[in-house]
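What the coordinates show
Here is how the chains run, residue by residue.
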Amino acid sequence: MNLPDTRGARAAILGALRAAAPAAPLRQPDLSPYLDGPYGRGSRGPRVDPATLLAPFETAARGWRAEVLHASEADWPQVVRQALAQRGCARVAIGAASTLQPGLDTALHGLQVRRFDTPLAQWKGELFDAIDAGVTGAEAGIADTGTLVLRPGAHEPRTLSLVPPLHVAVLRASRLYAGLPAAMSAVTAAQDDMPTNLLLVTGPSKTADIQQVLAFGAHGPRELVIVLVNDLQAAQEPR
């Protein structure tokens, strides 16, 4: 089937848009009212102490029906394993090169582990139909909203947190930030640039119909378990 040649029309449309563009750059918006308000908390001045954000983060996350489990640097693999065992998870998907190693291997010993190291098209059926849980790390946590910030990539594709019915995320307390601007500034500074893809996860997947009947798991995980690792003492010790 021969498709019509639309190059001329496309060039005309783009030419009209370019001609209508303003000659001078648009004035940058003033973000001060937002940054100085409650949702910009922590974006200016010294960083809010993560130790003071543990309780607010947990309260906010539980408010969105996420489960928060506390762990230490030594026992978080056991906490992850316990969360999987309590839900009868036998088949678990992880990234090809998860930042949680080598502790993650300890947590999943004895389970059927599927590493996301092949193109999705080659095992999509298995992922959607047979995997019980996906385990990922978290780049940051936002205390004011109980939100996780995930940085997906080849090491840990975003599908791990979007498809399996259970998502287990490991978040270190040293990566807690008061608000979204503070978290985004930290994530950007860590890589000297804005990442091409970030996921903000606030509770399990949920949706509501016109009658406002809330359903969980319609478009993603129906359960979210956050393993909150208290690494603050280690983070504060001089190196």
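Rules used in this analysis
- Residues numbered from 1 in each chain as written.
- Predicted model: local features only at pLDDT ≥ 70, side-chain atom pairs only at ≥ 80, totals over all residues.
- Heavy atoms only, no water.
- Pairing = 2+ DSSP bridges.
- Helix = DSSP H or I, 4+ residues; strand = E, 2+ residues; numbered from the N terminus.
- Axes fitted to C-alpha atoms, helices over the stretch in contact; angles between N-to-C directions.
- Contact = heavy atoms within 4.5 Å.
- Core = buried A, V, L, I, M, F, W, Y, C linked by side-chain atoms within 4.5 Å.
- Buried < 20%, exposed > 50% of the residue type's maximum accessible area, 1.4 Å probe, protein only.
- Polar contact = N/O pair within 3.5 Å; in protein donor to acceptor, adjacent residues only side chain to side chain.
- Salt bridge = Lys/Arg side-chain N within 4 Å of Asp/Glu carboxyl O.
- Arc of directions from axis to C-beta.

A few words on the sheet that holds strand β2 (residues 91-95). Strand order in this open sheet of six strands is β1-β12-β7-β4-β2-β3, and the pairing throughout is parallel. The open sheet has two edge strands with one neighbour each: β1 (67-72) and β3 (112-116). Direction aside, the axes of adjacent strands within the sheet are offset by 25° on average. Of the strand pairs in this sheet, strand β7 (residues 166-172) and strand β12 (residues 223-230) are connected by seven bridges, and their pairing is parallel. Across the sheet, the residue bridging to valine 170 is valine 227, located in β12. Against the sheet, helix α3 (residues 54-63) contacts β1, β7 and β12, and its axis sits at roughly 175° relative to β12.

The next thing to look at is the environment of valine 113. Within the secondary structure, valine 113 is located in strand β3. On a C-alpha basis, the gap between valine 113 and aspartate 209 in space is 36 Å, while along the polypeptide they are 96 residues apart. Once residues lying within four places of it in the same chain are set aside, the contact partners of valine 113 are Val92, Ile94 and Leu108.

On to the nonpolar core, then. Grouped together as the largest cluster of nonpolar side chains are 22 residues, with contacts concentrated most on Trp76, Val80, Leu84, Val168 and Val227. For this core, the secondary-structure elements that each account for two or more residues are β1, α4 (76-86), β2, α5 (103-107), β4 (133-137), β7 and β12. By residue number, the principal contributor to this core is α4, which donates five residues. Leaving out residues up to four positions away in the same chain, valine 80 has contacts with Ala107, Val168, Val170 and Val227. Residues Ala66, Ala169, Leu199 and Leu232 belong to the second largest nonpolar core, which totals 21 residues.

Now for the sheet that holds strand β6 (residues 147-150). What the four strands build is an open sheet, ordered β8-β5-β6-β9; its pairing is mixed. Each edge of the sheet is formed by a strand with only one pairing partner; in this case those strands are β8 (176-177) and β9 (199-201). In this sheet, β6 lies alongside strand β5 (residues 140-142) in antiparallel orientation, the contact comprising three bridges. Across the sheet, glycine 141 pairs through a bridge with leucine 148, a residue of β6.

This paragraph deals with the side chain of glutamate 58. For glutamate 58, the location among the structural elements is in helix α3. The buried category is assigned to glutamate 58, whose relative accessible area is 18%. Among the polar contacts listed, one links the side chain of glutamate 58 to the side chain of arginine 62, at a separation of 2.9 Å.

Next up on the list: the pattern of salt bridges. Taken as a whole and assessed by the stated rule, the structure comprises 12 salt bridges. Across the salt bridge formed by arginine 114 and aspartate 117, the nearest N and O atoms sit 3.8 Å from each other. Linking glutamate 126 and arginine 114 is a salt bridge whose minimum nitrogen-to-oxygen distance equals 3.2 Å. Here glutamate 126 is found in helix α6 (residues 124-129), whereas its partner arginine 114 is found in strand β3, with 12 residues between them in sequence. Taken together, the salt bridges that share partners define one network made up of Glu67, Arg87 and Glu223.

Here we take up α3. Buried within α3 we find Leu54, Phe57, Glu58, Ala60 and Ala61. Burial along α3 is one-sided: seen end-on, the buried residues are contained in an arc of 170°. In this structure, α3 carries Thr59 and Gly63 as exposed residues pointing more than 90 degrees from its buried face. Just past α3, the residue arginine 65 takes up positive phi, approximately 75°.

Any functional reading would require information that these geometric values do not contain.
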